[in-house]
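Remarks on the overall topology
The primary structure of each chain is shown beneath.
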Amino acid sequence: ISGTAKPFPRPTAVIFNTCLDAWAQSGRGLEAAVRAKEILDRMEALASSGELNLPDENCLGSPKGGVDDNEDDSSEADSSMKPNSRTYSIVMNAFSRIPWRERGAGEDA
C-alpha cells in the first residue's frame, strides 16, 4: 500500500443522474421510486450544504487529476451536484413506473 492517495471521481449531477436512472429502469416499482426520491433528497442536501466541495487534487476530472470531468457532451452535463431538469425528470419517471397494484389508494407520492 502506497502512501499516495488515489484520485476518485468528483460527485456530479451526471453521476447522480446515472444512479437515479439505473433505479428508475430497474423494474423494482415502488422500491425504486422511493430510493430515487431518497437519492434526490440527499443530492439536494449535499448541493446546498457544500459538504462535498472537495479539493481538486483528490478528484478525477480536476486539472491535476488529468481527466476531463465534462466527458458527457449533453447540454445537461454539470460539474455541480445541484439537481437539474434531467434529475427531476428521472425521479418522476421512476414514480410513473410503479405498477398499479403497488400504488396506494389516494396516497401522496
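For the structure itself, consult the block above.
Quick summary incoming for the structure in this document. (Residues numbered from 1 in each chain as written. Predicted model: local features only at pLDDT ≥ 70, side-chain atom pairs only at ≥ 80, totals over all residues. Heavy atoms only, no water.)

Description of the overall build of the protein chain
In terms of helices and strands, the protein chain carries three helices and two strands. N-terminal to C-terminal, the α/β element order of the protein chain is β-α-α-β-α. Scored against the burial criterion, the 109 residues of the protein chain give a buried share of 24%. A sequence separation of at least 24 residues applies to 73% of the contacts in the protein chain between residues at least 6 apart. Carbon and sulfur atoms make up 51% of the accessible area of the protein chain, which amounts to about 7400 Å² in all. (Helix = DSSP H or I, 4+ residues; strand = E, 2+ residues; numbered from the N terminus. Buried < 20%, exposed > 50% of the residue type's maximum accessible area, 1.4 Å probe, protein only. Contact = heavy atoms within 4.5 Å. Areas by Shrake-Rupley, 256 points an atom, 1.4 Å probe, with all protein chains shown as cover.)

Digging into the packing of aromatic side chains
This model, assessed by the stated rule, comprises zero aromatic pairs. Of note, R103 hangs over the ring of W100, and the distance from its end group to the ring centre comes to 4.2 Å. (Phe/Tyr/Trp six-rings, centres within 6.5 Å; stacked < 30°, edge-to-face > 60°. Lys NZ or Arg CZ within 6 Å of the ring centre and 35° of its normal.)

Read these as spatial facts, not as claims about activity.
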